[in-house]
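Single-letter residue listing:
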Amino acid sequence: MNSELSIRIKAEALSLGFSACGIARAEAVSHDVAKGFVSWLDNGGHATMAYMENHLEKRLDPRLLVPGTRSIVSVALNYAPANRLPEGEYQIAAYALGQDYHDIVKGKLRELVQRVFGTDSSYTSSEPLFDKESIRVFSDSAPVLERYWAVKAGLGWVGRNHQLIIPRAGSMFFLGEVFLPIVLEYDSPMESKCGNCHKCIDACPTKALMMSGENKGHCTFLSSKCLSYQTIENRGDIPDDIAEAMGDTIYGCDRCQQVCPWNRYAHPTNEPLLQPKEELMEMTREQWQSLSEEDYRRLFKGSAVKRAKYEGLMRNINKVK
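Counting starts from 1 at the beginning of each chain's written sequence and moves along it residue by residue. Residue-level local features of this predicted model are given only where pLDDT is at least 70; pairs of side-chain atoms are given and counted only at 80 or more, and the full residue set underlies all totals for whole chains, interfaces and linings. Hydrogens and water molecules were not included; the side-chain quantities draw on all heavy atoms of the structure.

## Brief notes about unusual backbone geometry
Move 1: The backbone phi angle of Asp140 is positive, close to 55°, even though this residue is not glycine.
Move 2: Its place among the elements puts Asp140 in the loop between β4 (136-138) and α6 (146-152).
Move 3: Assessed through its relative accessible area of 43%, Asp140 is described here as partly exposed.
Move 4: If you check the backbone angles, Lys309 has positive phi at about 65° while not being a glycine. Per the convention used, a helix needs a DSSP run of H or I reaching at least four residues, while a strand needs a run of E reaching at least two, with both numbered from the N terminus. Burial status follows relative accessibility: with a 1.4 Å probe on protein chains alone, a residue under 20% of its type maximum counts as buried, one over 50% as exposed, and anything between as partly exposed.

## Digging into the sheet that holds β4
Move 1: We treat two strands as partners when DSSP finds at least two bridges between them. Within the open sheet, the four strands sit side by side as β1-β2-β7-β4. Their pairing is antiparallel. One side of each edge strand has no neighbouring strand; the edge strands of this open sheet are β1 (20-25) and β4. Each neighbouring strand pair of the sheet contributes to a mean axis angle of 20°, computed without reference to strand direction.
Move 2: The pairing of β4 with strand β7 (residues 173-180) spans three bridges and is antiparallel. Its bridge partner being in β7, Arg136 is matched across the sheet by Phe179.
Move 3: Here a residue-residue contact requires only that any non-hydrogen atoms of the pair lie within 4.5 Å. Only the stretch in contact is used when fitting a helix axis, every axis being a line fitted to C-alpha atoms; angles between N-to-C directions are given from 0 to 180 degrees. Most of the contacts of helix α1 (residues 3-15) go to β1, to which it runs at about 145°, and overall it touches β1, β2 (71-78) and β7.
Move 4: Against the sheet, helix α5 (residues 101-117) makes contact with β2, β4 and β7, and its axis sits at roughly 40° relative to β7, the strand it touches most.

## Remarks on the side chain of Thr269
Move 1: Mapped onto the fold, Thr269 is located in the loop between α10 (255-258) and α11 (278-281).
Move 2: Those residues within four positions of Thr269 in sequence are excluded, and the remaining contacts are Asn78, Tyr79, Ala80, Leu274 and Gln275.

## Comments concerning the layout of surface pockets
Move 1: Each cavity reported here is a set of points on a 1 Å grid over the protein atoms alone in which a 1.4 Å probe fits but cannot get out, each pocket an open set with protein on both sides within 12 Å along at least five of seven lines, and each lining residue one with an atom within 4 Å of a point. Grid points are joined across faces, edges and corners, and a volume is the space filled by probe spheres set on the points. Looking at the second largest pocket, its volume works out to about 160 Å³.
Move 2: In this structure, the second largest pocket is lined by Arg84, Leu85, Gln91, Ile92, Ala93, Leu97, Asp248, Thr249, Cys253, Asp254, Arg255 and Gln258.
Move 3: Among the elements of the structure, β3 (91-92) and α10 are those that each provide at least two residues to the lining of the second largest pocket.
Move 4: Among the residues making up the lining of the second largest pocket, the classes are represented as five nonpolar, three polar and four charged. Think of it as three bins: nonpolar holds Ala, Val, Leu, Ile, Met, Phe, Trp, Tyr, Cys and Pro, charged holds Asp, Glu, Lys and Arg, and polar takes everything else, Gly as well.

## What about the pattern of salt bridges?
Move 1: By convention in these notes, a salt bridge is any Lys or Arg side-chain nitrogen within 4 Å of a carboxyl oxygen on Asp or Glu. Tallied over the full model, the rule gives 15 salt bridges.
Move 2: The partner of Arg307 in a salt bridge is Glu233, and the shortest N-O contact between them spans 3.0 Å. Of this pair, Arg307 sits in the loop between α13 (293-299) and α14 (309-320) while Glu233 sits in helix α8 (residues 227-233); the two residues are 74 residues apart in sequence, bridging distant segments of the chain.
Move 3: Overlapping salt bridges, with partners in common, bring together Arg8, Glu12, Glu111 and Arg115 in one network.

## Side note on the nonpolar core
Move 1: Within the largest apolar cluster, 63 residues are counted, with the highest numbers of intra-cluster contacts made by Ile9, Ile92, Tyr95, Tyr251, Trp288 and Leu313.
Move 2: With eight residues, the top contributor of residues to this core is α5.
Move 3: Among all residues touching Tyr95, those that are not within four sequence positions of it are Tyr79, Tyr101, Phe174, Ile232, Tyr251 and Ala304.
Move 4: Ala24, Trp40, Val144 and Cys200 belong to the second largest nonpolar core, which has 39 residues in total. Throughout this description, the term nonpolar core refers to a set of buried Ala, Val, Leu, Ile, Met, Phe, Trp, Tyr and Cys residues connected via side-chain atoms within 4.5 Å.

## Some words on the environment of Asp202
Move 1: Looking at the element boundaries, Asp202 is found in helix α7 (residues 199-203).
Move 2: Along the sequence, Asp202 and Tyr95 sit 107 residues apart, while their C-alpha atoms lie 22 Å from each other.
Move 3: Here His198 takes part through its side chain, which lies 2.9 Å from a polar atom of the side chain of Asp202. Each polar contact in these results corresponds to two N or O atoms within 3.5 Å; when the atoms are within protein, one needs to be able to donate a hydrogen and the other to accept it, and residues that are neighboring in sequence are counted only if both atoms are side-chain atoms.

The structure is reproduced here in structure tokens:
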């Protein structure tokens with residue numbers, strides 16, 4: 001099962017700044033998860049995010065996404081902020097304060113692959129069909145059930161807020177994966193430690209999170225009611241009843257994470273690329289309201305906020321004036 005290589009991969013991942021790393025066997029997702037995901041789509045839980053319906057077979061079996069994949073390395077990168085935007089000013093979700101996580105995580109994963117499998121590494125394959133060109137890295141950039149694989153790799157569990165929760169670390173993490181065509185030593189999944197806690201559900205201002213099931217132990221998620229969906233993915237108008245719940249937030253929403261007891265263990269990230277620009281931290285309401293498209297492009301160059309586009313961000317600002 002290549003125990004030494006598994007240890008090496010994890011050690012290199014931690015040295016690159018990842019907070020956690022685990023490995024899972026590549027296989028089709030469990031029947032219950034597949035059934036639940038398809039049911040969620042059928043019931044419109046994904047709202048207008050039609051891309052989530054695409055490549056369904058590949059999303060439910062990573063071996064179809066990247067043929068030959070036998071192991072999935074899952075990593076988590078901490079983004080808990082050291083500083084937040086001043087109280088009383090407009091707020092942006094913590095994950096978007098720094099540079100775009102897609103580029104940061106995938107860049108680190110490419111470096112991980114180079115260190116472990118590159119031409120200068122000590123790795124030699126004992127498997128004749130191993131093709132290094134078939135190694136792929138992802139971070140919210142392909143039809144991959146990232147939280148599912150993070151759980152299978154033993155990083156943590158999916159909480160009722162539908163975020164991956166890492167014990168004594170919290171939920172403010174970006175996830176990424178390396179698909180490998182080799183057999184490794186696999187980690188064991190972790191059971192949920194949410195217990196009877198439902199603070200995230202109580203804190204959701206639009207009831208996007210709701211308890212369901214006979215024993216009320218399962219929590220469903222409706223994208224159409226989520227402030228993150230409405231302020232980022234939704235290209236239309238934001239319904240008035242949803243807008244009333246926005247408060248000062250003009251991009252995303254962190255409320256279900258802010259109340260999570262596990263986030264009391266979170267430590268601020270020391271990743272330089274995830275630190276907010278000084279100009280962003282100094283923005284006032286008046287400056288936001290008069291933000292030009294040119295200023296927007298400069299302020300959010302290389303930022304995940306680009307997802308909402310200038311028109312979307314100004315729509316959000318106008319909703320919370």
